[in-house]
Number of protein chains: 2
Amino acid sequence: MPDDIPVYFDTEEGAALFQGSDIKGHFWTLCRYFISEKFLTYCGVASGVTVLNSLGVDAPDEPQIYPYKMFTQDNLFTDEVLHHRRPLDVEKGGNSLEQLASILCCFDVKVEVYFVDSIDEELCRHLLVESLKSPNQRVIVDFNRQTLHQKGNGHFSPLSAYHSGEDRFLLMDVARYKLPPCWVKSAMLYHAMTDVDASSGKSRGFLVVEQQIPEIRDVFESSSSIKR
Amino acid sequence: MPDDIPVYFDTEEGAALFQGSDIKGHFWTLCRYFISEKFLTYCGVASGVTVLNSLGVDAPDEPQIYPYKMFTQDNLFTDEVLHHRRPLDVEKGGNSLEQLASILCCFDVKVEVYFVDSIDEELCRHLLVESLKSPNQRVIVDFNRQTLHQKGNGHFSPLSAYHSGEDRFLLMDVARYKLPPCWVKSAMLYHAMTDVDASSGKSRGFLVVEQQIPEIRDVFESSSSIKR
């Protein structure tokens, strides 16, 4: 397997990489909620929806499947999201890393934004792998497709697994009509994230999205505040 | 693992079953095209869309992702399909096994319909496993959820893998907001397919959908038909 070529998921080599992957805890729920971007510019939206669903975040109502619920690429645009980001804006120009983070922050998650020009390759790998090991975190990468020898430019997709021996990440490409998921060398992915996003003037990078564990209220404190 | 309980995909046991599964060739593309039914009654439509996409069947145009193409739960209803089956009909009452077959037959695939009351458990397992081994076939099962101790009744979903040692099939449940994929014992799946579908009065069963390899025209015959 040459280092400078992604290995596609639906090939014999891809299946062998999955089999040998030692960190794939995120895959099982991401596979369940994996979707296709509905517009060519909706990669951030589709990645966000996949990740929020896979973290079990409480979703807006969805009348067509009532009484069940699920995030979709439509209902993600809640009142709070619409105040700063409209579907039309995303359809026209997609999202920058910070814009996607600002959408996700409207839900019950904590979002960390990493621009890769501020971290080196080794730290980048470390942060991605640690997140992939955490059951209550998910990773969305923002990279330039050209570094991966794919048609296109800036693109978002979630990561779902890592193969330590081969030092490759499994990228769940949300432009599913275009390409299958693929295994990318860590160095190649890092390089693809160093690209500067012309819309923001900043480097690309990744988001770590973490499920918020509801805080345990201090029962004693509140009960002690009752005047006796 | 008790025989009468499905093992869900996103559990440790589920991951171990996937790892040990010896027949999982269909999984890699089904995972790429796996979708959620958009209405509670669209299980057949969602299963059909997933399978047609994973077989690489030529899809109708989809303006939002032009120049790419993909089957969706909307564009599946082409002119030809609409002549005998409308979205409204499916929204109201879902599809029977034959109705789903009649929709899929409008595309470039060959569809075999199997009612399980006409085959025994052993033959059923054999047919399902043989189809799962064939790269140009896909399987959609029509079963009663109650046999699997799940809420609901009749339901369609594609199969994507088989574990010979445990004699379990991997069912890609398209009601993804409700349940993850699950590993079901062959005997339990057979039993769930023997249920009679009240809408058709026939037993449930499964469809084997096969990609049509374009026939090679007999060039010599056609050229020989030119009068000299």
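Scoring rules and cut-offs
- Residues numbered from 1 in each chain as written.
- Chains lettered and ligands numbered in written order.
- Predicted model: local features only at pLDDT ≥ 70, side-chain atom pairs only at ≥ 80, totals over all residues.
- Heavy atoms only, no water.
- Helix = DSSP H or I, 4+ residues; strand = E, 2+ residues; numbered from the N terminus.
- Rg over C-alpha atoms; globule rule 2.2 N^0.38 Å.
- Buried < 20%, exposed > 50% of the residue type's maximum accessible area, 1.4 Å probe, protein only.
- Pairing = 2+ DSSP bridges.
- Lys, Arg positive; Asp, Glu negative; His and termini not counted.
- Salt bridge = Lys/Arg side-chain N within 4 Å of Asp/Glu carboxyl O.
- Contact = heavy atoms within 4.5 Å.
- Least-squares fit on C-alpha atoms with pLDDT ≥ 70 in both.
- Axes fitted to C-alpha atoms, helices over the stretch in contact; angles between N-to-C directions.
- Disulfide = S-S within 2.5 Å.
- Phe/Tyr/Trp six-rings, centres within 6.5 Å; stacked < 30°, edge-to-face > 60°.
- Expected span 1.5 Å × (residues − 1).

Looking up chain A in an unreviewed UniProt entry gives the name glutathione gamma-glutamylcysteinyltransferase, with the organism given as Bythopirellula polymerisocia.

Trainee: Please explain the overall build of chain A as it appears in this structure.
Mentor: From N to C terminus, chain A includes nine helices and nine strands. In terms of C-alpha radius of gyration, chain A reaches 19 Å, essentially the compact-globule figure of 17 Å for 228 residues. Considered along the principal axes of its C-alpha atoms, chain A spans approximately 75 × 40 × 40 Å. Sorting the 228 residues of chain A into buried and exposed places 57% on the buried side.

Trainee: Where do I start with the pairing of strand β4 (residues 154-163) of chain A in this structure?
Mentor: Regular strands show a simple pattern: their side chains alternate between the two faces of the sheet. Residues and elements named next belong to chain A. For β4, the tally of buried residues reaches nine of ten residues, placing the bulk of the element in the interior. Strand direction decides the pairing type here: strand β3 (residues 137-144) and β4, joined by six bridges, are antiparallel. When the bridges of β4 are listed, F143 appears paired with H155. Inspection of the sheet shows β4 paired to strand β5 (residues 168-171) by four bridges, in the antiparallel sense.

Trainee: What should I look at first to understand the side chain of A:E62 in this one?
Mentor: The residue A:E62 is located in the loop between α3 (43-54) and α4 (79-82) in this model. There is no salt bridge for the buried A:E62, and the closest opposite charge comes from B:K38, which lies 8.6 Å off by N-O distance. Residues in contact with A:E62, not counting those within four places in the same chain, are A:Y68, A:M70, A:T72 and A:N75.

Trainee: Whenever I open this one, the relation of the copies chain B and chain A confuses me. Can you help?
Mentor: Between the two copies of the chain lies a rotation about an axis combined with a shift along it. When chain B is brought onto chain A, the operation consists of a screw motion whose angular component is 180 degrees and whose axial shift is 0.0 Å, with 0.0 Å RMSD remaining. What the superposition gives is, in effect, a two-fold axis relating one chain to the other. Counting the interface residues of chain B, we find that 100% of their copies in chain A are interface residues as well, pointing to one common contact surface.

Trainee: I keep staring at the sheet that holds strand β2 (residues 109-115) of chain B and nothing clicks. Help me out?
Mentor: The strands making up a sheet associate through hydrogen bonds between their backbones, and the pairing can be parallel or antiparallel. Residue and element names in this part refer to chain B. The antiparallel open sheet is built from seven strands, whose spatial order is β1-β6-β5-β4-β3-β9-β2. Looking at which strands have only one partner, the edges of the open sheet turn out to be β1 (7-8) and β2. Docked against the sheet, helix α6 (residues 97-104) engages β2, β3 (137-144), β4 (154-163) and β9 (205-211), running at close to 175 degrees with respect to β2.

Trainee: Any chance you could explain the pattern of salt bridges here in plain terms?
Mentor: A pair can form between side chains of opposite charge whenever their charged atoms are brought close. Scanning all chains against the criterion turns up 24 salt bridges over all chains. For A:R204, the salt bridge goes to A:D142, with nearest N and O atoms at 3.0 Å. On the criterion of sequence distance, the pair formed by A:R204 in the loop between β8 (202-203) and β9 (205-211) and A:D142 in strand β3 is long-range, its members being 62 residues apart. Here A:R204 and A:D142 have matching classes, each one buried. With a closest N to O distance of 2.7 Å, B:D195 and B:R204 form a salt bridge. Given a relative accessible area of 23%, B:D195 falls into the partly exposed group. With a relative accessible area of 9%, B:R204 lands in the buried category. Here the residues in one salt-bridge network are A:D142, A:D195, A:D197 and A:R204, joined through shared partners.

Trainee: Looking at this model, I keep getting lost on the sheet that holds β3(A). Mind explaining?
Mentor: Residue and element names in this part refer to chain A. On the basis of which strands lie adjacent, the open sheet formed by seven strands has the order β1-β6-β5-β4-β3-β9-β2 and antiparallel pairing. Two strands close off the open sheet at either side, each with one partner strand: β1 (7-8) and β2 (109-115). Relative to β4, α3 is tilted by about 35 degrees, and along the sheet it contacts β2, β3, β4 and β9.

Trainee: Would you take a moment to explain the state of the cysteines for this structure?
Mentor: In protein structure, a disulfide is the covalent linkage between the sulfur atoms of two cysteines. For the coordinates displayed, the defined rule picks out zero disulfides over all chains. Summary of cysteine pairing: B:C31 is not part of a disulfide, and the nearest cysteine sulfur, belonging to A:C31, is at 3.9 Å. We classify B:C31 as buried; its relative accessible area is 0%. No disulfide involves B:C182; its sulfur sits 13 Å from the nearest other cysteine sulfur, which is in A:C31.

Trainee: Help me understand the packing of aromatic side chains in this model?
Mentor: How two aromatic rings sit relative to each other is set out by the distance from centre to centre and by the angle between their planes. Residue and element names in this part refer to chain A. Using the criterion set out here, one finds 28 aromatic pairs over all chains in the structure. Considering the side-chain rings of F9 and F27, the 5.9 Å spacing of their centres and the 45 degrees angle between planes classify their relative orientation as tilted. Note that F9 is positioned in the loop between β1 and α1 (12-20) and F27 in helix α2 (residues 27-33), a separation of 18 residues in sequence. The pair formed by F9 and F27 is uniform in burial state, with each residue classed as buried. A centroid spacing of 4.7 Å and a plane angle of 20 degrees characterise the contact between Y114 and F206, whose relative ring orientation is stacked. Remark: F206 occurs in strand β9 and Y114 occurs in strand β2; sequence separation between them is 92 residues.

Trainee: Help me understand helix α7 (residues 121-133) of chain A in this model?
Mentor: Count 3.6 residues to each turn of an α-helix, and residues three or four apart come out pointing the same way. Residues and elements named next belong to chain A. Taking 1.5 Å as the rise per residue, α7 with 13 residues should run 18 Å; its terminal C-alpha atoms sit 18 Å apart, in good agreement. Residues of α7 that are buried: C124, L127, L128, V129, S131 and L132. Where α7 is buried, its residues contact β2, β3, β4, β5, α8 (186-193) and β9.

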